[in-house]
Amino acid sequence: LVPLALRDFRSLHKVSGGKVPIDAYNQLMLVFEGIPTVARAVFAEVVAREKDNEAFYMALIRVELAAGDLDAAKRVLREALAKFKGVPRLRTCSALLLAMCEAGQYDQLQPLCTELKERGLVFSELEYSAFLKLEGNEAGLQKFLATVDEVFDLCPILELSTVEAIEEGAFALRKRGLAEVSSSKGAVSSGGHCSNCNARLSLIGLEPAQLREARAVLLDRANFSRFGGTNQKRTAPEEGSPLDRFVQWLRERPPFDYVLDGPNIGFSGQNFYDGRFTYEQIDAMVQILAERGKRALIVMGETYLQARIPNPTTANARYNLITDSDRELIKKWNKAGILFCTPRGQYDDWYWMYASVASDETATRIVTNDTMRDHWIQLFSRRHFIRWRNLKVAKFGFGPPLPNTPVQMSSSARLNRMFPLREPWIEEDRLYSLEPQREHASLHIPLIDGLSAEEMSDHDIEWRCLRVERQQSLPRKKKHQLE
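The model shown is predicted, which means the values in this text are computed figures rather than measured ones.

Novice: Mind showing me how you'd approach the pattern of salt bridges here?
Specialist: Between side chains of opposite charge, a pair can form as their charged atoms come close. Per the stated rule, a full pass over the model turns up 18 salt bridges. Note that Asp-71 and Lys-74 form a salt bridge whose closest N and O atoms lie 3.4 Å from each other. Of this pair, Asp-71 and Lys-74 both sit in helix α5 (residues 70-83), three residues apart, which is roughly one turn of the helix. Of the residues examined, Asp-71 reaches a relative accessible area of 45% and is grouped as partly exposed. Assessed through its relative accessible area of 14%, Lys-74 is described here as buried. A salt bridge links Arg-438 to Asp-149; the nearest nitrogen and oxygen atoms lie 2.7 Å apart. Placement of the pair is Arg-438 in strand β12 (residues 437-439) and Asp-149 in helix α9 (residues 141-154), with a sequence separation of 289 residues. By relative accessible area, Asp-149 is classed as partly exposed at 31%. Several salt bridges converge on common partners, so that one network encompasses Arg-292, Arg-365 and Asp-429.

Shown next, in the form of structure tokens:
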């Protein structure tokens, strides 16, 4: 078969004038997945013609794994790491790492994982789940907990399969006499205390470097829009984008505790026949926060300060005229210095998002029900976006609060008269983070796999409380168990 395969390969190469796409070579490799001698011969021919890439090495790794030759697969990966510098692709390494875990090759896996991480590779939950199961059977308690910490830092929302892998690894440690383990489901109080162990969960913030990166991304996006979508470089500060001027505007004022997404609040609950942009709803939020002693900033586009206000609701009118009472509220907000109007052509979202990360010290929150699905990919990594949203975004409403959501209601008689059936409320400041965290021997994991952004704060979240403590009397351990 080898001569026939090479003959066909060389004929294809000759007919195409040497312009066969590399994917065709990859597919040819996989055709012979069950015949490794043929696949290796094709691999050697392609490498000799310098037509290979990292994906081609991945294909041969899969061939070797299908043949059950772990050592050969490891040699191929070593060749790929030596040839292709920079960050390896996870898909190149994943199958081999999982196979090594399945084979219990802990001592050989550790130096390989260390090298891959030093090269910048970030493992997914799939690999970490396999690592945790293996470490439960082969490693010591400290190594297992260190891997748990990596998983918690990487994934603010864990898949249920990952939670099960953590439990499986922990109970494997117990079976080996290395740890005392208990697992139970429970709830966390609004104050952040676990119903099982009474441990106090932490509020996990963003690092200053992450805040600086978010500020830079927002300013670059605003500058990109200003120059009509070109890649023109940032201008000097005095010629900067409107968002640059907003940054300076913020610096000249005392910090704000909250920033209100004006359009989101003004149109809230207005999707009916007579619905319209409602300034009174925005003012109601300002007053609730004032009752808490909080300073609020309103951000909205100049579209909502003109004589005709667009009406995207299901109401009959496409526009509504601004009223005298609306103008009085705008005048009051301007006099108090709590209104910022964003210019046309600029997304007001950029402004209130920037305000939430403007300072490393001030914990400014955003009052909005916007889930920001179209922004976070450019702003943060997934894990940092979820952390930012849980920390910075406060939901609001008019009427009964969302189920199981701690809220601050208004005590103002004026507001109660104005909204007799739709009393305004704002979600309370969060006292703990809705993400996995470890406090010494206690692991706390919210079981929220599959819940959407809107549902995460609205459900009575169930938590897994897993205690993994060192046993008082330990049996004699192998050398690598002490690492």
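Novice: Would you take a moment to explain helix α14 (residues 279-291) for this structure?
Specialist: Since one α-helical turn is 3.6 residues long, residues separated by three or four positions face the same way. Along its 13 residues, α14 runs 19 Å from first to last C-alpha, staying within 8% of the 18 Å computed at 1.5 Å per residue. Along α14, the residues classified as buried are Tyr-279, Gln-281, Ile-282, Asp-283, Ala-284, Met-285, Val-286, Ile-288 and Leu-289. Immediately beyond the C-terminal end of α14, within one or two residues, lies Gly-293, with a positive phi of roughly 80°.

Novice: Just to check I follow, could you spell out the environment of Thr-362 for this structure?
Specialist: Position of Thr-362 relative to the elements: it lies in the loop between α16 (348-357) and β7 (365-367). With a relative accessible area of 22%, Thr-362 lands in the partly exposed category. Considering only alpha carbons, one finds Thr-362 and Asp-257, 105 residues apart in sequence, at a separation of 7.6 Å. Sequence-distant contacts of Thr-362, defined by excluding residues within four places in its chain, comprise Pro-255, Phe-256 and Lys-392.

What counts as what
- Residues numbered from 1 in each chain as written.
- Predicted model: local features only at pLDDT ≥ 70, side-chain atom pairs only at ≥ 80, totals over all residues.
- Heavy atoms only, no water.
- Salt bridge = Lys/Arg side-chain N within 4 Å of Asp/Glu carboxyl O.
- Helix = DSSP H or I, 4+ residues; strand = E, 2+ residues; numbered from the N terminus.
- Buried < 20%, exposed > 50% of the residue type's maximum accessible area, 1.4 Å probe, protein only.
- Expected span 1.5 Å × (residues − 1).
- Contact = heavy atoms within 4.5 Å.

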